[in-house]
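Reading the structure
Next come the chains, spelled out residue by residue.
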Amino acid sequence: MNATQTLIALWTLVLKEIKRFTRIWPQTLLPPSITMAMYFIIFGNLIGSRIGDMDGFSYMDFIVPGLIMMSVITNSYSNVASSFFSNKFQRSIEEMMVSPMPNWVVLSGFILGGMARGLGVGLIVTLVSLFFTRLTVEHPLLTVLVVVLTSALFSIGGFINALLANKFDDISIVPTFILTPLTYLGGVFYSISMLPDFWQGVSMLNPILYMVNVFRYGFLGVSDIPVVWALTAIFAFIVVLFMVALTMLDRGKGIRS
């Protein structure tokens, strides 16, 4: 395939993924916005008024970046995991694998599709948050960069999950037992400076902590972790996981019976 044909193939795959989740928007885009609105009401307004300030900001302002990031992570991951596994289950992925498309195009197409949903939901949640607080963005470029990188990272993670899954139940294992706990313990609702030294050290092993903190720094200008460290970690995770996913795809891992 020449460069033009490769771009057409990539765009077609991305467009297919976008149409897939927008066609059923009441199931893919609406529920996350309602869920996050409940978080804003319960944690931000009701509980937050009793907690007071966090790192010099109202509790509502403090948790908004974390809740936006949580929605981006969850939806980027779940979109790719469910979409790619559905293609495996229906055997339509085999048609892609025997086509002239390079494997990196297949991988990139699903990743970009997952990013489209994750970032789309993130934007919706951001708009919903404006009903509860007034957002300020201290570092706009950094904010956009980290949310795009995070969406890409968890889209790749969803792809690997789909490759390893043998049945639909396997798709829910990682989000339920790994992704959700890491997200809740990733500084979305609190600053790790509140924790004892030992648990602060344990928290540093949580990759989501880095993403939430950099994203919060983009909004509020405060972070529990040096921004350079966090960005370096995110870039490293993306490179490693992309190469792992591409290697698995090249070897037919999880595709060939």
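Residues numbered from 1 in each chain as written. Predicted model: local features only at pLDDT ≥ 70, side-chain atom pairs only at ≥ 80, totals over all residues. Heavy atoms only, no water.

**Observations concerning the overall build of the protein chain**
Counting secondary structure elements, the protein chain contains 11 helices and 2 strands. Along the protein chain, helices and strands appear, N-terminal first, in the series α-α-α-β-β-α-α-α-α-α-α-α-α. Dimensions of the protein chain, computed from C-alpha atoms along their principal axes, come out at roughly 60 × 40 × 35 Å. For the protein chain, the accessible area works out to roughly 12,500 Å², and carbon and sulfur atoms hold 69% of it. (Helix = DSSP H or I, 4+ residues; strand = E, 2+ residues; numbered from the N terminus. Areas by Shrake-Rupley, 256 points an atom, 1.4 Å probe, with all protein chains shown as cover.)

**Quick look at a nonpolar patch on the surface**
Together, W25, L30, I34, M38, I41, I42, L46, I47 and I51 give the surface a local cluster of nonpolar side chains, amounting to about 790 Å² of exposed area. The dominant element in the nonpolar patch, judged by the number of residues it contributes, is helix α3 (residues 30-51), at 8 residues. Within the secondary structure, L30 sits in helix α3. Residue classification places L30 among the partly exposed positions, given a relative accessible area of 37%. (Patch = residues over 30% accessible without salt bridge, like charges linked within 9 Å, V, L, I, M, F, W, Y side chains within 5 Å. Salt bridge = Lys/Arg side-chain N within 4 Å of Asp/Glu carboxyl O. Buried < 20%, exposed > 50% of the residue type's maximum accessible area, 1.4 Å probe, protein only.)

**Brief notes about helix α10 (residues 207-220)**
A turn of α-helix holds 3.6 residues, and therefore any two residues three or four places apart point the same way. In this model, α10 (14 residues) spans 20 Å end to end at C-alpha, consistent with the 20 Å of a helix rising 1.5 Å per residue. With respect to burial, α10 is a largely interior element, 12 of its 14 residues being buried. Burial in α10 covers these residues: I208, L209, Y210, M211, V212, N213, V214, F215, R216, G218, F219 and L220. Looking at the buried residues of α10, the elements they touch are β2 (57-58), α4 (59-89), α7 (140-164), α8 (168-184), α9 (197-203) and α11 (227-250). Downstream of α10 by a residue or two, G221 has a phi angle that is positive, lying close to 85 degrees. (Expected span 1.5 Å × (residues − 1). Contact = heavy atoms within 4.5 Å.)

**Considering the side chain of S71**
As for its placement among the helices and strands, S71 is situated in helix α4. With a relative accessible area of 3%, S71 lands in the buried category. Polar side-chain contacts of S71 include one of 2.6 Å to the backbone oxygen of I68. Apart from residues lying up to four places away in sequence, S71 is in contact with M36, V121, G122 and V125. (Polar contact = N/O pair within 3.5 Å; in protein donor to acceptor, adjacent residues only side chain to side chain.)

**A word on α7**
Between the first and last C-alpha of α7 there are 37 Å, a value that for 25 residues agrees with the 36 Å anticipated at 1.5 Å per step. Among the 25 residues of α7, 19 are classified as buried, and the element is accordingly described as predominantly covered.

**Examining the environment of F132**
Looking at the secondary structure, you find F132 in the loop between α6 (103-129) and α7. Relative accessible area serves as the criterion here: at 25%, F132 is assigned to the partly exposed category. Between the C-alpha atoms of F132 and F40, which are 92 residues apart in sequence, the distance is 7.1 Å. Sequence-distant contacts of F132, that is, excluding residues within four places in its chain, are made with A37, F40, I41, N45 and M60.

**Considering the nonpolar core**
Within the largest apolar cluster, 77 residues are counted, with the highest numbers of intra-cluster contacts made by F40, L67, F84, F110, F154, F159 and F189. When residues of this core are assigned to their parent elements, the largest contribution, 16 residues, is made by α4. Excluding its chain neighbours within four sequence positions, the residues that come into contact with F110 are L13, E17, V80, S83, F84, N87, I93, M96 and F159. (Core = buried A, V, L, I, M, F, W, Y, C linked by side-chain atoms within 4.5 Å.)

**Let's talk about the pattern of salt bridges**
If the charged atoms of two oppositely charged side chains come close together, the side chains can form a pair. A full pass over the atoms with the stated rule returns 2 salt bridges. Here E17 makes a salt bridge to K16, at a shortest N to O gap of 2.8 Å. Between D170 and K167 there is a salt bridge, with its nearest N and O atoms 3.4 Å apart.

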